[in-house]
Amino acid sequence: METRDNLIEVKDLKKYYHGGAIKALDGVSTDIHPGDVCVVIGPSGSGKSTFLRSLNLLEEPTGGAIIFEGTDITKKKYKDENGEIVRLDIDKLRQKMGMVFQHFNLFPHMTILENMTLAPMKVKGMSKEAAEQKALELLDRVGLKDRANAYPIQLSGGQKQRVAIVRALAMEPNVMLFDEPTSALDPEMVGEVLDVMKKLAEEGMTMVVVTHEMGFAREVGNRVLFMADGMLIEEGTPEDIFDHPKSARLQDFLSKVL
Amino acid sequence: MDQFIKWSNFSKIAEYAQLFEQGLLVTVLLSLFTVVIGFCLALILALMRMSNIRPFRALGIDKDGHQREKGFLAVISKFNPLSFIATAYVEILRSTPVIVQIFIIYFGVFGVVKLPAYNMFGFIKFSRFFPGVVALGMNSGAYLCEIIRAGIQSIDGGQTEAARSLGLSQGQNLRYIILPQALKNILPAIANEFVVIIKESAITYTIGVQDIMSAVNAVKGATFVIIEPLLVATAIYFCLCFPTSKLIAYFERRMSHGDKR
């Protein structure tokens, strides 16, 4: 049944290290639909981050396929709509996928505004004025407009992560990937970042979120994926996963974290 | 009674002041060209050393499609010719004396390749100056390469990941994200290398470049005064090197605005 469009289709995704001795991902298949807020949970070392990082090819998969907007991005070359064989433009692809990291990864030698305008100007060719105007609008949305000319080191962890989120949004991506966005934050700052993500979800942004925040998964997520040992063990709505876990692995995991 | 310094000797060598002036100009030009050549060469070498071009990569995959762990084919598949050439270059240049390199360049390479008998500014012999610049540039390129490589590798991998995930290409990432941060980190080491180049350029007098040291020798030969011209040379070298390191320290402070609260 292919009535609903898939934004990302993951088929039997595999990532092996040391020639198969370590299986970070061992055959993961799932679909991500437009507007989904897909939360990935699981014990550490279960392959959640590897799965997320594979989606924009920060990790090159060993096997399987990732079909993003109709193109298998794990292939270096593909046929375009005219039937001609073209090389996959990885930079073009990554523009459409915003990514937010655990450790923020803001550029320390640039001001907040420069952090946000660099990619729109250099990659999309926007004018400085237009890029700055857009950046200030986005900063205003997360309440950081007055810090536009500060350097990242002058910001708190929560502020840095909010900047990192709007920096990715400045490229107008079709999907946002979050790799444990609150794990490196002091507890009192977790809320402000989750609030921004919640607002983003309400606006209809497609999101894939790896997190340990079960409250967020339950409240904001519309689908939850539970991973362990590089495999997708269970997936379903938050109610399915948290209230009626089927597998023993998930029951065991939930008993530890809830 | 012999004295270490005789003031009268300074007035004796004063008439050769023009030699020192010319020597100063040659040393400055020599150092500037060396720095430029050395830096460009070093950047290319550093990128070669960090490149990931493996032409025999396919040989490392067995018929099941898995990576080979051991054996000759696994070693061959990891072979990166660019990195090998750059590493060999750096190790050879760092493990041999500069004077040997200068002689090989001057008598060997430029013994075969004839340079025009052209005089820069009317007195600098191009056929001696140029081999000197090439030899010093090649030598400092090897040292600067290691400094630049260390600088680039000191930048957290998350910076590249963030840049690439925003859609920046590999080249844009290097230019806007990695190099500005790396250069700031390695500025003290680069300053050190620049000062070393100024001082090391003195060795080119052995192939007849008319730098400050050659002025010392000329004065020594003409007047039999030894210590005083050396002291003049000492003063000139100090006046070149000390401001250079101060100038770079100034740039270092200017670039550090991202690390203060």
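Residues numbered from 1 in each chain as written. Chains lettered and ligands numbered in written order. Predicted model: local features only at pLDDT ≥ 70, side-chain atom pairs only at ≥ 80, totals over all residues. Heavy atoms only, no water.

Asks: In this structure, what is going on with the overall build of chain B? I would like to understand it.
Replies: Scanning chain B from N- to C-terminus turns up 10 helices and 2 strands. For chain B, the α and β elements follow one another from N to C terminus as α-α-α-α-α-β-β-α-α-α-α-α. With respect to the principal axes defined by its C-alpha atoms, chain B has extents near 85 × 55 × 40 Å. Relative to its 261 residues, chain B shows a buried fraction of 41%. Expressed as a percentage of contacts within chain B between residues at least 6 apart in sequence, the contacts between residues at least 24 apart total 77%. Roughly 14200 Å² of accessible area belongs to chain B as shown, and the carbon and sulfur atoms make up 67% of that amount. (Helix = DSSP H or I, 4+ residues; strand = E, 2+ residues; numbered from the N terminus. Buried < 20%, exposed > 50% of the residue type's maximum accessible area, 1.4 Å probe, protein only. Contact = heavy atoms within 4.5 Å. Areas by Shrake-Rupley, 256 points an atom, 1.4 Å probe, with all protein chains shown as cover.)

Asks: Explain the packing of helix 5 (residues 157-169) of chain A against helix 6 (residues 187-202) of chain A to me, please; I cannot follow it from the model alone.
Replies: To describe two helices that pack against each other, one gives the angle between their axes and the distance between the axes. Residues and elements named next belong to chain A. One way to put it is that helix 5 packs onto helix 6 with a least axis distance of 8 Å and a crossing angle of 20°. In terms of axis orientation, helix 5 runs roughly parallel to helix 6. Remark: the crossing between helix 5 and helix 6 carries right-handed chirality. From helix 5, Gly157, Gly158, Gln159, Gln161, Arg162, Ile165 and Leu169 reach across to helix 6, where they touch Met189, Glu192, Val193, Val196, Met197 and Leu200. Classifying every residue of the contact of helix 5 with helix 6 gives 7 nonpolar, 4 polar and 2 charged. (Axes fitted to C-alpha atoms, helices over the stretch in contact; angles between N-to-C directions. Parallel < 35°, antiparallel > 145°, perpendicular 65-115°, else oblique. Left-handed = near helix turned anticlockwise from the far one by under 90°. Nonpolar A, V, L, I, M, F, W, Y, C, P; charged D, E, K, R; others polar.)

Asks: How do you make sense of the interface of chain B and chain A when you look at a structure like this?
Replies: Many authors give the size of an interface as the accessible area that is lost as the parts come together. The partner chain A presents 29 residues to the 25 residues of chain B that form the contact. In total, about 2300 Å² of surface goes out of reach between chain B and chain A, with carbon and sulfur atoms giving 59% of it. Taken as a group, Glu161, Ser165 and Leu166 of chain B account for 25% of the area that chain B buries against chain A, more than any other trio of residues on that side. For the interface between chain B and chain A, the tally reads 2 salt bridges. (Buried area = accessible area lost by both parts, 1.4 Å probe. Salt bridge = Lys/Arg side-chain N within 4 Å of Asp/Glu carboxyl O.)

Asks: Could you clarify how one ought to interpret the pattern of salt bridges in this entry?
Replies: Taken as a whole, this structure holds 21 salt bridges over all chains when the rule is applied. Between Arg53 of chain A and Glu59 of chain A there is a salt bridge whose closest N-O contact spans 3.0 Å. Arg53 of chain A gets classed as buried once you look at its relative accessible area, which sits at 14%. A salt bridge links Glu91 of chain B to Arg94 of chain B; the nearest nitrogen and oxygen atoms lie 3.5 Å apart. One end of the pair, Glu91 of chain B, and the other, Arg94 of chain B, are both in helix 4 (residues 81-94), 3 residues apart, so they sit about a helical turn from each other. Arg94 of chain B gets classed as partly exposed once you look at its relative accessible area, which sits at 33%.

Asks: Got a minute to help me understand the sheet that holds strand 3 (residues 37-41) of chain A in this structure?
Replies: What holds strands together in a sheet is hydrogen bonding between their backbones, with the strands either parallel or antiparallel. Residue and element names in this part refer to chain A. Spatially, 6 strands are ordered 8-9-10-3-11-12 in an open sheet, and the strand pairing comes out mixed. Each end of this open sheet is capped by a strand with a single partner; those strands are strand 8 (97-100) and strand 12 (231-236). Recorded for the sheet is a direction-independent mean angle of 20° between the axes of neighbouring strands. The pairing of strand 9 (residues 175-179) with strand 10 (residues 206-210) spans 5 bridges and is classified as parallel. Following the sheet pairing, Leu177 is matched in strand 10 by Val208. In the packing of helix 9 (residues 248-257) onto the sheet, contacts are made with strand 3, strand 11 (223-228) and strand 12, and the angle to strand 11 comes to roughly 100°. (Pairing = 2+ DSSP bridges.)

Asks: So what exactly am I meant to see when it comes to the side chain of Ser54 of chain A here?
Replies: If you trace the backbone, Ser54 of chain A turns up in helix 1 (residues 48-55). If sequence neighbours within four positions are ignored, Ser54 of chain A has contacts with Leu13, Leu25, Glu59 and Ile66 of chain A.

Asks: How do you make sense of helix 1 of chain A when you look at a structure like this?
Replies: Since the α-helix advances by 3.6 residues per turn, residues separated by three or four positions end up pointing in the same direction. Residue and element names in this part refer to chain A. With 7 of 8 residues buried, helix 1 lies mostly within the body of the structure. By the burial criterion, the buried members of helix 1 are Lys48, Thr50, Phe51, Leu52, Arg53, Ser54 and Leu55. Remark: Leu57 follows helix 1 within two positions and exhibits a positive phi of approximately 65°.

Asks: Would you mind showing me how to read the environment of Leu166 of chain B here?
Replies: For Leu166 of chain B, the location among the structural elements is in the loop between helix 7 (157-165) and helix 8 (170-200). Residues in contact with Leu166 of chain B, not counting those within four places in the same chain, are Gln95, Phe107, Ala119, Val123, Arg167, Ala168 and Met171 of chain A.

Asks: Teacher, can you tell me more about the side chain of Gln159 of chain B here?
Replies: Mapped onto the elements, Gln159 of chain B comes out in helix 7. Exposure remark for Gln159 of chain B: the relative accessible area of 6% places this residue in the buried category. Among the polar contacts made by the side chain of Gln159 of chain B, one reaches the main-chain carbonyl oxygen of Leu106 of chain A at a distance of 2.9 Å. With sequence-adjacent residues up to four places away left out, Gln159 of chain B is seen in contact with Asn105, Leu106, Phe107 and Pro108 of chain A together with Asn173, Ile177, Ile178 and Gln181 of chain B. (Polar contact = N/O pair within 3.5 Å; in protein donor to acceptor, adjacent residues only side chain to side chain.)

Asks: What is the right way to read the packing of aromatic side chains from this model?
Replies: The description of an aromatic ring pair rests on the distance of the ring centres and on the angle between the ring planes. All names here are of chain B. Counted according to the given criterion, the structure contains 11 aromatic pairs over all chains. Taking the centre distance of 5.6 Å and the plane angle of 80° together, the rings of Phe110 and Phe130 count as edge-to-face. A residue pair is termed long-range when its members are at least 10 positions apart, and Phe110 in helix 5 (residues 98-112) and Phe130 in helix 6 (residues 126-153) qualify at 20 residues. Under the relative-accessibility criterion, Phe110 is labelled buried at 16%. (Phe/Tyr/Trp six-rings, centres within 6.5 Å; stacked < 30°, edge-to-face > 60°.)

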